[in-house]
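A look at the structure
Here are the chains, one letter per residue:
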Amino acid sequence: MALRGKHIVLGVTGSIAAYKSALLVRELVKEGAEVRVVMTPSACEFITPLTLATLSGDDVVLDMFPQDRSKGTWHIHLALWADLMLIAPVSANTLAKLAQGMADNALASLALAVRCPLMIAPAMDTDMYVHAATQHNLGVLRNRGVHIIEPESGELASGLTGPGRLPDLPVLMDILHRHFDDTSGTLTGVSLLVTAGPTREAFDPVRYSGNHSSGKMGFAIAGEAACRGARVTLVAGPVHLSAPAGVERIDVVSAQEMYDAVMQHAETQDMFVMSAAVADFTPAEPADSKIKKDSTTDAGLTLRLKRTPDILRTLGERSRNSVLVGFALETDNEHENALRKLKEKHARMIVLNNPLTEGAAFGGDSNIATLLFADGRSEELPLLSKNDLAGVILDRMQVLRTTGG
Ligand code: CTP
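The rules behind the values
- Residue positions are given per chain, counting from 1 as you read along its sequence in written order.
- Totals for whole chains, interfaces and linings use all residues, but because this is a predicted model, local features are given only for residues with pLDDT of at least 70 and pairs of side-chain atoms are given and counted only at 80 or more.
- Processing note: side-chain calculations cover all non-hydrogen atoms of the structure and skip hydrogens and water entirely.
- For every domain, the bounds stem from an assignment made automatically or drawn from a database.
- Near is defined per residue: the residue qualifies when any heavy atom it owns lies within 4 Å of the molecule or strand.
- For this analysis, a polar contact is any N or O atom pair within 3.5 Å, provided that within protein one partner can donate a hydrogen and the other can accept it, and provided that sequence-adjacent residues contribute only side-chain to side-chain pairs.
- Each accessible area value is a Shrake-Rupley result obtained with a 1.4 Å probe; residue values ignore everything except the protein chains displayed when judging cover.
- What counts as a helix is a DSSP run of H or I of at least four residues, what counts as a strand is a run of E of at least two, and both are numbered from the N terminus.
- Only Asp, Glu, Lys and Arg are considered charged in this grouping, and only Ala, Val, Leu, Ile, Met, Phe, Trp, Tyr, Cys and Pro are considered nonpolar; every other residue, Gly among them, is considered polar.
- By definition, residues are in contact when any of their heavy atoms lie within 4.5 Å.
- Nonpolar core, defined: a set of buried Ala, Val, Leu, Ile, Met, Phe, Trp, Tyr and Cys residues in which side-chain atoms within 4.5 Å join the residues together.
- The cut-offs for exposure are 20% and 50% of the maximum accessible area for each residue type, with area from a 1.4 Å probe on protein chains only; residues under the lower value are buried, those over the upper are exposed, and the others partly exposed.
- Any two strands with at least two DSSP bridges between them are considered paired.
- With its strands directed away from the observer, a crossover is right-handed exactly when the path from the first strand over the helix to the second travels clockwise.
- As a rule, the C-alpha atoms of each element are fitted with a line to give its axis, helices using only the stretch in contact, and angles between N-to-C directions run from 0 to 180 degrees.
- Angles below 35 degrees are treated as roughly parallel, those above 145 as roughly antiparallel, those between 65 and 115 as roughly perpendicular, and all remaining angles as oblique.
- Left-handed describes a crossing whose near helix is turned anticlockwise from the far helix through less than a right angle; right-handed describes the clockwise counterpart.

What follows is about the domain arrangement of the protein chain. Accessible area lost when the parts come together is the quantity often used to give the size of an interface. Per the domain assignment, the segments making up the protein chain are domain 1 (7-180) and domain 2 (191-403). Of note, the centres of domain 1 and domain 2, computed from C-alpha atoms alone, are 35 Å apart.

Around the ligand there are 16 residues in total, and Met-274, Ala-276, Asp-280, Lys-341 and Lys-345 lie nearest to it. At 2.8 Å, a backbone N or O of Phe-327 approaches an oxygen atom of the ligand. For the ligand, an oxygen atom lies 2.8 Å from a polar atom in the side chain of Lys-341. Taking 570 Å² as the accessible area of the ligand by itself, protein coverage stands at 78%. Of all elements in the fold, only α12 (311-318) and β16 (323-329) reach the threshold of two or more residues within the shell around the ligand. Broken down by element, the shell around the ligand gets its largest block of residues, four residues, from β16. A per-class count over the shell around the ligand returns ten nonpolar, two polar and four charged.

On to the side chain of Ser-91, then. Residue position: Ser-91 is located in the loop between β3 (84-90) and α5 (92-100). Here Thr-94 takes part through its backbone nitrogen, which lies 3.2 Å from a polar atom of the side chain of Ser-91. If near-sequence neighbours (up to four positions away) are discounted, Ser-91 is found in contact with Thr-13, Gly-14, Ala-123 and Met-124.

For the rest of this paragraph, the subject is the nonpolar core. Leu-192, Ile-221, Met-349, Ile-393 and Met-397 are the most contacted members of the largest nonpolar core, which totals 38 residues. When near neighbours in sequence (up to four residues on either side) are disregarded, Ile-221 contacts Leu-192, Val-194, Val-273, Phe-327, Ala-390, Ile-393 and Leu-394. One finds Ala-18, Val-37, Ile-149 and Phe-180 within the second-largest nonpolar core, a separate group that totals 31 residues.

With that settled, consider the pairing of strand β2 (residues 34-39). Within a regular strand, side chains alternate between the sheet's two faces. Counted residue by residue, β2 has five buried out of six residues, so it is predominantly covered. Inspection of the sheet shows strand β1 (residues 7-12) paired to β2 by six bridges, in the parallel sense. Counterpart to Val-9 in the pairing with β2 is Arg-36. You can see the chain leave β1, run along helix α1 (residues 20-30) and come back into β2, and the turn it takes is right-handed.

Now for the sheet that holds strand β13 (residues 271-274). Taking strand neighbours across the sheet as the criterion, the eight strands line up as β12-β11-β8-β13-β16-β17-β19-β20 in an open arrangement whose pairing is mixed. Each edge of the sheet is formed by a strand with only one pairing partner; in this case those strands are β12 (247-251) and β20 (378-380). Direction aside, neighbouring strands of the sheet carry axes that sit 15° apart on average. Here four bridges tie strand β17 (residues 349-353) to strand β19 (residues 370-373), and the two strands are oriented antiparallel to one another. Of the residues in β19, the one forming a bridge with Val-351 is Leu-371.

So, on to the sheet that holds β2. Reading across the sheet, the five strands line up as β2-β1-β3-β4-β5 and stay open at both edges, with parallel pairing between neighbours. Sheet topology places β2 and β5 (147-148) at the edges, where each strand pairs with a single neighbour. Where β1 lies against β3, four bridges are found, and the strand directions are parallel. The residue bridging Ile-8 from the neighbouring strand is Leu-84, located in β3. Contacts between α1 and the sheet are confined to β1, β2 and β3, with β1 contributing the most and set at about 175° to the helix. Its contacts with the sheet place helix α6 (residues 106-113) against β1, β2, β3 and β4 (118-122), and it is angled at close to 140° to β3.

The next thing to look at is the packing of helix α10 (residues 216-227) against helix α14 (residues 386-403). How two helices sit against one another is set out by the angle between their axes and by the gap between those axes. Taken N-terminus to C-terminus, the directions of α10 and α14 make an angle of 60°; their axes are 8 Å apart at the nearest point. The angle between the axes of α10 and α14 places the two elements in the oblique class. As for the relative orientation of α10 and α14, their crossing is right-handed in sense. Counting all contacts with α10, which are made through Lys-216, Met-217, Ala-220, Ile-221, Glu-224 and Ala-225, the residues of α14 involved are Lys-386, Asn-387, Leu-389, Ala-390, Gly-391, Ile-393 and Leu-394.

Attention shifts here to the environment of His-240. Residue position: His-240 is located in the loop between β11 (231-236) and β12. Between the alpha carbons of His-240 and Ala-121 there is a distance of 24 Å; along the sequence they are 119 residues apart.

Rendered as structure tokens:
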């Protein structure tokens with residue numbers, strides 16, 4: 001039922017997987033969605049517009065400048081009409097255009113004009129997919145909030161084996177069902193504060209100690225919560241990410257600054273997610289000017305460190321009524337350590353992950369997590385994209401909030 005009445009613009013580009021778009025259109029229509037198809041000129045080399053027009057029940061958009069001049073602003077009308085624009089398959093060429101914001105064909109123009117979420121499913125030869133340029137373009141789009149459907153690994157049209165296959169129809173449909181699954185508005189009226197990213201601890205005006213946290217997990221949670229209608233405050237350490245739409249972002253650098261920003265906003269929050277990798281120690285006496293080599297002995301330099309305030313623990317002690325969620329990054333005795341943190345910091349849930357596990361590395365777009373709850377339950381999750389994990393974390397927090405568990 002999730003797709004009934006939904007307006008979906010399906011973009012099709014020049015990839016051998018374009019033939020699968022016919023099956024996709026047929027299935028979408030069968031489930032009650034209204035589908036308009038837009039194709040690039042290269043897509044027409046792989047599948048005919050007539051096929052997709054017949055299956056969607058409407059003309060396919062091909063031209064930037066339609067013969068019928070009354071349709072001059074077609075892309076604006078279609079952009080406003082759409083609830084979702086899905087480009088499946090998206091070729092390396094169209095990916096590059098999207099990343100650059102180019103608008104030299106009907107599909108690329110429409111992708112720039114839409115106000116609805118944009119979802120893309122890359123499908124191409126493995127070498128093109130893993131190429132640094134393609135990966136860079138994907139990173140740019142991901143940071144811009146575009147939903148990326150990861151290609152599957154397998155045998156490709158070229159006979160080579162590797163990532164680059166468009167996922168099969170059931171997988172694509174499952175992703176669309178989850179997208180339209182009605183979570184929007186479920187956090188309306190709720191305030192959520194999220195910490196994200198690393199902190200930097202200066203030991204002189206030009207040097208600091210830090211860590212590899214990318215901030216992606218916290219930004220995904222903030223974005224998903226905003227989509228669900230929450231009032232979101234995102235306290236971010238130094239990261240190269242743009243704030244999700246509708247989120248109030250407060251940039252901080254050190255653990256102390258992060259602590260101060262969180263405490264300043266804590267009173268008004270219903271829920272907290274502490275996903276930041278906060279430094280536990282900071283130089284006790286940072287130098288006012290750059291430390292020169294000559295001022296140290298041959299034996300090196302000894303820095304005295306002091307503890308930083310623990311934000312999660314302080315919140316746990318102060319605000320027992322809010323839903324407080326922490327993260328635990330552990331490389332050994334994972335369960336035991338995470339349970340200790342859950343208890344000592346009075347959290348309602350801890351998201352445990354090990355950055356040494358495949359798929360859960362620093363800076364990646366996926367994670368494998370186990371959720372531990374204050375009542376002793378635990379839930380092992382499969383490998384999920386950080387966006388999907390954000391959704392699961394918020395689902396569980398919503399339950400904790402309503403049941404008080
Ligand atoms: N945390 C925090 N303030 C700190 C340190 C950690 O709010 N000064 C939060 C993190 O955001 C995370 C949780 O506490 O949600 C656990 O962080 P982690 O670094 O794994 O644990 P620590 O308690 O610092 O213990 P250790 O580093 O010894 O594992």
